[in-house]
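So you can see what is in the structure, the chains are spelled out below.
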2 protein chains.
Amino acid sequence: MPIYNAPTKDLQFVLHDLLKVSEQDIAGYDDLDRDFTGAVLEEAGKVATEVLHPLNVVGDKEGCVMENGVVRTPTGFKAAFAQMKQGGWTAMDCDPEYGGQGLPYVMNTAAQEPFVSANMAFNMYQGLTHGAYSAIHAHGSDEQKQKYLPKMVTCEWTGTMNLTEPHCGTDLGLMRTKAVPNDDGSYKISGQKIFISAGEHDMADNIIHLVLAKIQGGPEGIKGVSLFIVPKFLVNDDGSLGARNGVTCGKIEEKMGIHGNATCVMNYDQATGFLIGQAHKGMRAMFTMMNEARIGVGLQGYAQAESAYQNAVAYAKDRLQGRAVTGAENPDGPADPLIVHPDIRRNLMDQKSFVEGARAFTLWGAYLIDRAHRNDDKDAEGLISLLTPVIKGFQTDKGFEYATAAQQVYGGHGYIEEWGMSQYARDARIAMIYEGANGIQALDLVGRKLTQDGGKHVMAFFEMIKTFIKKNDGNEALKTGFLDPLKAASKDLQSAGMYFMQNGMKNPNNALSGSYDFMHMMGHVCLGLMWARMAKAAMDALEGGASDTDFYKTKIATGRYYMARQLPATSMHLARINTGADTVMALEAANF
Amino acid sequence: MPIYNAPTKDLQFVLHDLLKVSEQDIAGYDDLDRDFTGAVLEEAGKVATEVLHPLNVVGDKEGCVMENGVVRTPTGFKAAFAQMKQGGWTAMDCDPEYGGQGLPYVMNTAAQEPFVSANMAFNMYQGLTHGAYSAIHAHGSDEQKQKYLPKMVTCEWTGTMNLTEPHCGTDLGLMRTKAVPNDDGSYKISGQKIFISAGEHDMADNIIHLVLAKIQGGPEGIKGVSLFIVPKFLVNDDGSLGARNGVTCGKIEEKMGIHGNATCVMNYDQATGFLIGQAHKGMRAMFTMMNEARIGVGLQGYAQAESAYQNAVAYAKDRLQGRAVTGAENPDGPADPLIVHPDIRRNLMDQKSFVEGARAFTLWGAYLIDRAHRNDDKDAEGLISLLTPVIKGFQTDKGFEYATAAQQVYGGHGYIEEWGMSQYARDARIAMIYEGANGIQALDLVGRKLTQDGGKHVMAFFEMIKTFIKKNDGNEALKTGFLDPLKAASKDLQSAGMYFMQNGMKNPNNALSGSYDFMHMMGHVCLGLMWARMAKAAMDALEGGASDTDFYKTKIATGRYYMARQLPATSMHLARINTGADTVMALEAANF
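Residues numbered from 1 in each chain as written. Chains lettered and ligands numbered in written order. Predicted model: local features only at pLDDT ≥ 70, side-chain atom pairs only at ≥ 80, totals over all residues. Heavy atoms only, no water.

### Concerning the overall build of chain A
Put simply, the test is: Going along the chain from the N terminus, every DSSP run of H or I of four or more residues is numbered as a helix, and every run of E of two or more is numbered as a strand. A radius of gyration in this sense is built from C-alpha atoms; the matching globule rule multiplies 2.2 Å by the number of residues raised to 0.38. Here's how the labels work: a residue is buried when its accessible area is under 20% of the maximum for its type, exposed when over 50%, partly exposed in between, all with a 1.4 Å probe on protein chains only. Contacts are residue-level and defined by heavy atoms, with any inter-residue pair within 4.5 Å sufficient. Exposure was quantified through the Shrake-Rupley algorithm and a 1.4 Å probe, taking into account, for residues, occlusion by the shown protein chains and nothing else. The charge count includes Lys and Arg as positive and Asp and Glu as negative, but it does not include His or the ends of the chains. Every charge is mapped to an atom, namely NZ of Lys, CZ of Arg, CG of Asp or CD of Glu.
Counting its secondary structure elements, chain A contains 18 helices and eleven strands. For chain A, whose C-alpha radius of gyration is 24 Å, the value lies close to the compact-globule estimate of 25 Å for 592 residues. By residue count, 65% of the 592 residues in chain A fall in the buried class. Long-range pairs, those at least 24 residues apart, make up 74% of the contacts in chain A between residues at least 6 apart in sequence. Accessible surface, chain A: about 20,400 Å² in total, of which carbon and sulfur atoms supply 50%. In chain A, the 55 positive side-chain charges and the 68 negative ones have mean positions that sit 4 Å from each other.

### Side note on the relation of the copies chain A and chain B
Here is the rule we go by: Superposition of the copies was done by least squares, using only C-alpha atoms of residues whose pLDDT is at least 70 in both.
Overlaying chain A with chain B gives an RMSD of 0.0 Å, the required rotation being 180° about an axis along which the chain moves by 0.0 Å. On the angle and the small slide along the axis, the relation comes out as a two-fold axis. Across chain A, the rotation axis passes nearest the C-alpha of A:Met572, at a separation of 2.9 Å.

### Quick look at unusual backbone geometry
Residue A:Phe195 is not a glycine yet carries a positive backbone phi of 60°. Structurally, A:Phe195 is set in strand 5 (residues 187–197). Its identity is not glycine, yet B:Asn68 carries a phi of approximately 50°, on the positive side. The topology assignment puts B:Asn68 in the loop between strand 1 (65–67) and strand 2 (70–72).

### Notes on the domain arrangement of chain A
All names here are of chain A. Going by this rule: All domain edges in this entry derive from an automatic or database-based domain assignment. Once two parts are joined, some of their accessible surface, as seen by a 1.4 Å probe, is lost; buried area is that loss totalled over both. Just to be clear on terms, a salt bridge is a Lys or Arg side-chain nitrogen sitting within 4 Å of an Asp or Glu carboxyl oxygen. In protein, a polar contact means a hydrogen-donor-capable atom and an acceptor-capable atom, both N or O and within 3.5 Å, with residues adjacent in sequence counting only if both atoms are side-chain atoms; elsewhere, any N or O pair within 3.5 Å suffices.
Segmenting chain A into domains produces domain 1 (8–138), domain 2 (157–282) and domain 3 (442–586). With centres defined by C-alpha atoms, the gap from domain 1 to domain 3 works out at 30 Å. The interface of domain 1 with domain 3 comprises five residues on the first partner and ten residues on the second. For the pair domain 1 and domain 3, the two sides together bury roughly 710 Å², of which 70% comes from carbon and sulfur. Considering only the side of domain 1, the residues that lose the most area to domain 3 are Lys 9, Phe 13 and Leu 18, jointly responsible for 69% of the buried surface there. Viewed at the interface, domain 3 and domain 1 are joined by two salt bridges. Of the charged contacts, one joins Asp 10 and Lys 555 as a salt bridge, the two residues approaching to 2.6 Å between their closest N and O atoms. Run the count over domain 1 and domain 3 and you get three residue pairs in polar contact (both at pLDDT 80 or more).

### Points about the interface of chain A and chain B
Each partner contributes residues to the interface: chain A has 97 residues there, and chain B has 97 residues. Between chain A and chain B, roughly 7,800 Å² of surface is buried when both sides are summed, and carbon and sulfur atoms account for 60% of that area. On the chain A side of the interface with chain B, the three residues burying the most area are A:Tyr415, A:Arg565 and A:Phe592, jointly 12% of the side's total. On inspection of chain A and its partner chain B, the count reaches six salt bridges. For B:Asp350, the salt bridge goes to A:Arg576, with nearest N and O atoms at 3.2 Å. At the junction of chain A with chain B, the criterion picks out 44 residue pairs in polar contact (both at pLDDT 80 or more).

### What to know about the environment of B:Gly88
Residue and element names in this part refer to chain B. Turning to its location among the elements, Gly 88 is positioned in the loop between helix 4 (77–86) and helix 5 (105–118). Residue classification places Gly 88 among the buried residues on the basis of a relative accessible area of 14%. Between the C-alpha atoms of Gly 88 and Val 153, which are 65 residues apart in sequence, the distance is 8.9 Å.

### What to know about the confidence of the model for chain A
Quick note on the threshold: Summary of the metric used: pLDDT quantifies the predictor's per-residue confidence within the range 0 to 100.
Residues with a pLDDT of 70 or more make up 100% of chain A, whose mean pLDDT is 97. Here the prediction assigns the complex a pTM of 0.98, and the interface score ipTM is 0.97.

### Points about helix 4 of chain B
Residues and elements named next belong to chain B. For the record, the criterion: The arc in question is the one spanned by the directions pointing from the helix axis to the C-beta atoms.
All of the buried residues along helix 4 are Phe 77, Ala 80, Phe 81 and Met 84. An end-on view of helix 4 places all buried positions within 100° of arc, on one side of the element. Opposite its buried face, helix 4 presents the exposed residues Lys 78, Ala 79 and Gln 86, each directed more than 90 degrees away. Taken together, the buried residues of helix 4 touch helix 2 (34–52), helix 3 (54–62), helix 5, helix 6 (120–139) and strand 3 (157–162). Once helix 4 ends, the next one or two residues include Gly 88, with phi positive near 80°.

### What about the side chain of A:Asp336?
Residue and element names in this part refer to chain A. The residue Asp 336 is located in the loop between helix 8 (282–318) and helix 9 (342–374) in this model. From its side chain, Asp 336 meets the backbone nitrogen of Glu 329 in a polar contact 2.9 Å long. In this structure Asp 336 touches Arg 319, Leu 320, Gln 321, Gly 322, Arg 323, Ala 324, Gly 327, Ala 328, Glu 329 and Asn 330, once residues within four positions along its chain are discounted.

Below is the structure:
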């Protein structure tokens, strides 16, 4: 049985030592003092470890089952979901007008991490609902908000996102699902959607499907896509449930992982749907959900790696194999624990330095979203728009890589389902795919975000790094281990950007052939920046006489590892990028 | 349903254009003319595609089932195994004295690839038997050879390797399985072994277990380990089967993949065992199996990536999403196929250039083994001893990475079991673990192989690269794209070796902290060398007027990609290595 302990102290470190949330001039942030966030995270951690984590393996083994159109979630999920609702965990950052607690997004994100680490498949039921809530909140009419949001805030009703169809995922312009206007202003929705997470289940009274469809006679392609609310049960004006709508689950997919979440084929057969926002502007509304969802998926990436890492450490301390090459460290035992061996440490340090860097990056992203939304800060909005594909793409690639690396520490036991390490790898794998496969994230980053607003945001990003380095120039403790490598990595990233500018004009393939490398490079630079800042924060805490010196010293040592051993990846990515499209595009399709 | 086509042409290219096997002065190689190897590979490919490949998904879905101690393999396995026996595929490179065909190992290895690509789990039954055959052949008495080998050559009886116990895998000195001498020279074996592939099944009349155990009263630790033959059914002197021996399957493990192979807990309860070779020299005998097995596992790595790649290409050509940024390439269709997009190509070229490079590397390794064994060439033996951990460790890491990358091309469909891409990733994952987890391969490489015989073999390896570069110095077509990058990568590798020498003395952790990076670095240099040689061979073929110009030009273009885009990884690995042990070993175990 795998273990899980909520990293409350680490989350607190990011919120307070790094982001200094309670000092920020953002509406609602003054409530986020150390005691308050500590109490929330403590409680979230308790729910995660005691309620959700024990159901993780259960969910994987049992999966969801469909019988006569009814989908049954795994044993214990229903009761746990009731506990989540009751604890108000689904409503933390929702609008108080609809029953939410109105807490900042950064607080919600921090509290989500333990839930996702403990049981990713389970947490998706609430995660999807939150995304659907956000889209209706941002684009729905007042009437729609009044009708659906209060029950979605509490997760009495859950939500879904319906984009993909059998023949199209990324390219939604090819969509075939049709919407035919009724006389009363509603629409008849017909078509098939696939890969619908939480599409059907037994944990909520109603399911509010958000469905992309094309209104008959509208523009061709992506410009003719509209977004609709299609409730499983129609909702009467008094809020009570009415007739069963024409939407059914056709089947549940058998997947590599996240078995606890029902991934459904959804069939819409003249289902009644209600337009959200303007006709043919569905993509814009959908992106409200998507951007938030992408940060959430980036969190899944590192949160799964965190769980896997915790288990790998426990195993490495417990399992006796071989002797330290520098002399026995457990001389009275038959062998030393795995953790004495340099290559095991190399592996564990890779995992640890990534996870802690990614946690900081993700919460910084959440903070930027708060700054954008609560303070209407356009610079913050531009910056998080730039960083979102990196948080999603880089962190889920690395999250899977390190979940797999954690599995490796177990040797053969890592491959046996009984030990639970396979599940972390299998579950983490989906995060690289959904909410836009990582190749699409890279395309979004290089093809759109870099040049958005005339490249203003990426320049601000580089400026931010430069300013940080300059400001700490005299800090010798920070210089060699942190500032110098950050400077070098940032220079590599700038060179790559320069290469794109100079060579992408004459042939855009020169830029797009390097998009994936650029995304990874930028991920490293972001984590490098996070680590430099965290090291500074930890040094400040130590200088300020913080009592938990071990904790802060460990932070600095972990950061040093990242800067020394992970950041040099930027030079490899730059070398790849600098070769342009020539070798990438050389072959005729027939010769693959 | 996934596809698979045997890459006969590519195998032929490696055997003849690259290795020029029929020109080599090695006993038995004069038979290996192009027509002969072509006929063998054609037939092997046919068996792989028509018989084994259709059972791959079946094996994954059904798995092996144990009822009342009897293990049932998946539907169709038994008939397919009978076909493999009948076709003589299990006996290709075995000793004619025991019914083998006596073909070179390189021929056997080439023919194995399609079998492994088509159905890895299935092929393990025969693979393990071959390993057990080799150990008995090398270390058994004449009587033992006469008794067991003929039936193992035909796979009427299969074989297993029993090393791991619940509390020890890598550190076999901790082993608890005991051997107590009987009066007749045999032993009573008692203990439990785990992770025994093909430990029990219904496809053979007898199973010959090779079991490591400690003879009572022998030396402590690894020096007291001996190797025993423990047949499932004792074999009478006339070759007929006698009494059931005291060995039983306790359970079958549930694993992440290779479900078609029965991974067994084997219980030995005073089972009769027969010592192979000398008492307490079991590890040496076992390593005969292990070294061969490691090449075989390295082959599994790229062979799974090959299968996954073939499917990814087919999907990328078929699936319509988006438009080429340089203008529609399928203007009459609703969208262009995925393969027009640079990032899809980047992904496919990564896979293709790895697989083809690894194929060359593996067959070169098999050729070196032939040279060592058949010509008693000590230099070849030293070189393959050096390269074995690289073939195993590098190729299985990359094989899994690219099986996962191929899965990514499918988007959401890659995560659904129905499409079969998940199985390639799940199956490939084990190759990083068994036959010595890849961290152990790295340790073997840096801790033992680099310094073996005074570093003679690694110096010969560098010399070989240098000579090749020098010899082709005037070849402009080869210089920029191949020789220069090979030189740079080789220099990086030498620098890393130098770092180990200079810093490993004062602290061995400085070397061991970089062992994993060194293994990867060396893998890249080996594939770089293979690609430079393949490019040369392809250019020669074109100059010689070869008719299939597309094939050879594609080889050169694929090689260019590898040199430009994969080889720069060496600089990253060198940078990591050069930071030594400081950041790797910085933390107290308690602070992980």
